[in-house]
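What follows is each chain in one-letter form.
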Amino acid sequence: MSKWDKLKAIRAQAGERHILDLFKADGDRAEAFSTTTGDLRFDYSKTQIDAAARAALIDLCDAAGLADRREAMFSGGTINETEGRAVLHTALRNLDGGPVMVDGQDVMPGVLDTLARMRSFAEAVRGGEKPAAGGAFTDVVNIGIGGSDLGPAMAVLALAPYHDGPRCHFVSNVDGAHIADTLAGLDPKTTLVIVASKTFTTIETMTNARTAKAWLTEGGGDAAAQFAALSTAGDKTAAFGIDPAHVFGFEDWVGGRYSMWGPIGLSLMLAIGPKAFDAFLRGGQAMDQHFRSAAWHENMPVLLALTGIWHHQVCGYATRAVLPYDQRLSRLPAYFQQLEMESNGKSVSMDGAVLDGPSGPVVWGEPGTNGQHAFYQLIHQGTAVIPCEFMVAATGHEPELAHHHRLLVANCLAQSEALMRGRSLEEARAKVAGKFEGAELERQARHRVFPGNRPSVTLAYPQLTPFVLGQIIALYEHRVFVEGVILGINSYDQWGVELGKELATSLGPIVDGSESAASKDGSTAALVAFVHRHGGG
Ligand code: F6P
């Protein structure tokens, strides 16, 4: 029997067994099916995973050679095989570690040198020693998309209590509305524009960068002093006219969606300062050390990954919801969407063979409690089972509003309890008894039944500090890595985004009317005609 068949047999055997019964059978279940590292606690006890399932899941790690792959990643092996690259975002936060060799060269001196340059640039901007045309910088606009936007945008919001630098704004969409609305309130003489693009060719980013340059120069700003670039393509940043002293480079072994730890994090460093940024890096480093050394059954990224594999590949649940009970993590689901879906949304394995099972699931979510008043209805009573990943801090940053935080925590815990416990028909009848009678009572009761037995995991942390955010992001990065290794896929390329980019290029002249739409399919041609009829193009 294959390892996957064994897992499916364990799942089938569990049948409709209630998660609550697992707690009744094992008084120690909450501890036995939780793991901690530092101050983080990951609880996966409210799932159908029992000791046999966990052992069979852990077997997948050894069968996939996870330990060797992990070592290959940390030590600069070419694990991104389709692009022939190492995968070394971990080197960007390797503050206390030793050398990291790529092709016989230690990359750490270069990493630390760039970090030092970022620190002095950030200090100078924050302290006013490096002024813009109109004096000290008041605002920073990061222009980038995907991995050059989602990480810093998410983290600047997440760490708002630590924000003591210039205001930060993020422009990503090529929709002119985005840059127009963002620049509308800003002073071109005191705004720093950061063009963040690994390749420095991404059409959205380059279009927005040119628009920003025109806005800044026409408004009396000094482009030489007020533009910076974050990129692997030094020749292209020079061609755009960016002062090399304001260019922070990185290597192709940093994937876009893994890049916020290095130069792509400059806007975050400007916002919270180099010291807090260091704490963020140290949080990531602490998770690396844990991932590299903890046994599989105590290893948080591994257990998070195995829970994901259990729910998607074994149980067949199509999506997973990420539900941070933390308003400042409201961009985290979008960040995880790129991290997880761009990494593991593949159809072929590393050797090019078609996968014989599902790859990564759909990842989605919103912060609690807002989601409760929107889509939780379906999670509780819909026909699809949606495993939920709750996140919650023990304390907020507003001691004067501790009563808000208590309510937030209570709601988070209530949701995972309700999903597991459910409400039986008898309990529902008791709820409506006295209000209805006979057939109407029965009908009303049925609407109030919750099936329960719905799985969730919870990540609890003391407070959303820079260090904790670093731990959380690295935790999820490694989760993606582990899932990718077990599925045998390359988590570090993204060929699936190419076709749309190519077709957008070919559609440009059709949309502007300089070429005919005759080569296109009927639907595309008709939509182009609609745009032209209504004044577009
Ligand atoms: O389109 C996908 C992608 O290549 C992402 O992987 C990347 O994060 C994003 O585009 C932006 O790329 P760049 O940083 O090169 O502009």
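Residue indices follow the written sequence of each chain, beginning from 1 at its first position. In keeping with the model being predicted, local features are shown solely for residues with a pLDDT of at least 70 and side-chain atom pairs are shown and tallied solely at 80 or more, while totals for entire chains, interfaces and linings include all residues. To get the side-chain values, all heavy atoms of the structure are used, and hydrogens and water are removed first.

Regarding the overall build of the chain
Strands are runs of DSSP state E lasting at least 2 residues, helices are runs of H or I lasting at least 4, and numbering of each runs from the N terminus. Looking only at helices and strands, the chain features 21 helices and 13 strands. Within these notes, the globule rule equals 2.2 Å times the number of residues to the 0.38 power, and the radius of gyration is based on C-alpha atoms. Relative to a compact globule of 537 residues, whose C-alpha radius of gyration would be 24 Å, the chain shows 25 Å and is just as compact. Taken over the C-alpha atoms alone, the chain extends approximately 75 × 60 × 60 Å along its principal axes. If you take every contact in the chain between residues at least 6 apart in sequence, the share linking residues at least 24 apart comes to 75%. Contacts are assigned to residue pairs with any non-hydrogen atoms lying within 4.5 Å of each other.

A look at the layout of surface pockets
Grid points spaced at 1 Å over the protein atoms alone were grouped into cavities, where a 1.4 Å probe fits but cannot get out, and pockets, open sets with protein on both sides within 12 Å along at least five of seven lines, with lining residues defined by an atom within 4 Å of a point. Grid points are joined across faces, edges and corners, and a volume is the space filled by probe spheres set on the points. Volume-wise, the largest pocket comes out at about 1,100 Å³. At the level of elements, helix 9 (203-218), helix 14 (332-344) and helix 20 (498-511) are the ones that each hand at least two residues to the lining of the largest pocket. The dominant element in the lining of the largest pocket, judged by the number of residues it contributes, is helix 20, at 5 residues. A breakdown of the residues in the lining of the largest pocket according to their chemical character gives 13 nonpolar, 17 polar and 10 charged. Here the second largest pocket is characterised by a volume of approximately 360 Å³. Along its surface, the second largest pocket is lined by 18 residues, and Asp326, Gln327, Glu398, His405 and Leu408 are the ones closest to its centre. Each residue receives one of three labels: charged for Asp, Glu, Lys and Arg, nonpolar for Ala, Val, Leu, Ile, Met, Phe, Trp, Tyr, Cys and Pro, and polar for the others, Gly being one of them.

Details of the packing of helix 7 (residues 150-158) against helix 12 (residues 266-293)
Axis definition: a line fitted to C-alpha atoms, over the contacting stretch in the case of helices. Angles run 0 to 180 degrees between N-to-C directions. Interaxial distance between helix 7 and helix 12 falls to 8 Å at its minimum, and their mutual angle equals 15 degrees. By the angle between their axes, helix 7 is roughly parallel relative to helix 12. Where helix 7 crosses over helix 12, the two elements pack in a sense that is right-handed. Only Ser267, Leu268 and Ala271 of helix 12 make contact with helix 7, whose side of the interface consists of Pro152, Ala155 and Val156. Per-class residue counts for the contact of helix 7 with helix 12 are 5 nonpolar, 1 polar and no charged. Orientation labels follow simple angle bins: below 35 degrees gives roughly parallel, above 145 gives roughly antiparallel, 65 to 115 gives roughly perpendicular, and whatever is left gives oblique. Two helices cross in a left-handed way if the nearer one is turned anticlockwise from the farther one by less than a right angle. They cross in a right-handed way if the turn is clockwise.

Focus: the domain arrangement of the chain
Domain annotation for the chain reports domain 1 (4-75 + 279-421 + 455-493), domain 2 (100-272) and domain 3 (496-535). Delimitation of the domains relies on an automatic or database domain assignment. Its C-alpha centre places domain 1 at a distance of 32 Å from the equivalent point of domain 2. Facing 30 residues of domain 1, the contacting portion of domain 2 comprises 20 residues. Buried surface area refers to the total accessible area, computed with a probe of radius 1.4 Å, that the two partners give up upon joining, counted for both partners together. For the pair domain 1 and domain 2, the two sides together bury roughly 2,200 Å², of which 69% comes from carbon and sulfur. Within this document, salt bridges are pairs made up of a side-chain nitrogen of Lys or Arg and a carboxyl oxygen of Asp or Glu, the two lying within 4 Å of each other. In this assembly, domain 1 and domain 2 are joined by 1 salt bridge. For arginine 257, the salt bridge identified is with glutamate 342, shortest N-O distance 2.8 Å. Polar contacts here mean pairs of N or O atoms no more than 3.5 Å apart (in protein, one a potential hydrogen donor and the other a potential acceptor; neighbouring residues in sequence count only if both atoms are side-chain atoms). Remark: the boundary between domain 1 and domain 2 carries 9 residue pairs in polar contact (both at pLDDT 80 or more). Those elements that provide at least two residues to the side of domain 1 that touches domain 2 are helix 12, helix 14 and helix 19 (466-487). Residue composition of the side of domain 1 that touches domain 2, grouped by class: 15 nonpolar, 10 polar and 5 charged.

Overview of the pairing of strand 5 (residues 139-143)
In this scheme, a residue with accessible area under 20% of its type's maximum is buried, one over 50% is exposed, and one in between is partly exposed, where area comes from a 1.4 Å probe on protein chains only. Most of strand 5 is tucked away, with 5 of its 5 residues classed as buried. Residues Asp139, Val141 and Ile143 line one face of strand 5 and the alternating positions Val140 and Asn142 line the opposite face, and both faces are buried. Note on pairing: DSSP must find at least two bridges between two strands before they are called paired. Alignment of strand 5 against strand 6 (residues 167-171), held across 5 bridges, turns out to be parallel. Note that in strand 6 the partner of asparagine 142 across the bridge is phenylalanine 170. Once you follow strand 5 into helix 7 and on to strand 6, the crossover reads as right-handed. Handedness is read with the strands pointing away from the viewer; a crossover is right-handed when the path from the first strand over the helix to the second is clockwise.

A few points about helix 18 (residues 438-447)
Within helix 18, the full set of buried residues consists of Leu441, Gln444 and Ala445. Projection of helix 18 onto a plane perpendicular to its axis shows the buried side chains occupying an angular sector of 100 degrees, all on one side. Turned more than 90 degrees away from the buried face of helix 18 sit Ala439, Arg446 and His447, all of them exposed. Where helix 18 is buried, its residues contact helix 17 (425-432). Here the arc refers to the set of directions running from the helix axis out to each C-beta atom.

What about the site of the ligand?
Being near a molecule or strand, for a residue, comes down to having at least one heavy atom within 4 Å of it. Residues in contact with the ligand amount to 15 residues; listed here are only the nearest, Ser148, Ser197, Thr199, Thr202 and Glu342. Glutamate 342 is positioned with one of its side-chain polar atoms (N or O) 2.7 Å from an oxygen atom of the ligand. Within the side chain of lysine 501, a nitrogen or oxygen atom sits 3.4 Å from an oxygen atom of the ligand. With residues, only the protein chains shown are counted as cover, and all accessible areas are computed by Shrake-Rupley using a 1.4 Å probe. If the ligand stood free it would expose 390 Å²; the protein chains cover 87% of that surface. For this analysis, a molecule is said to be in a pocket or cavity if more than half of its atoms are within 2 Å of the grid points defining it. Its atoms largely coinciding with the cavity grid, the ligand occupies the largest pocket. Split into classes, the residues belonging to the shell around the ligand amount to 2 nonpolar, 9 polar and 4 charged.

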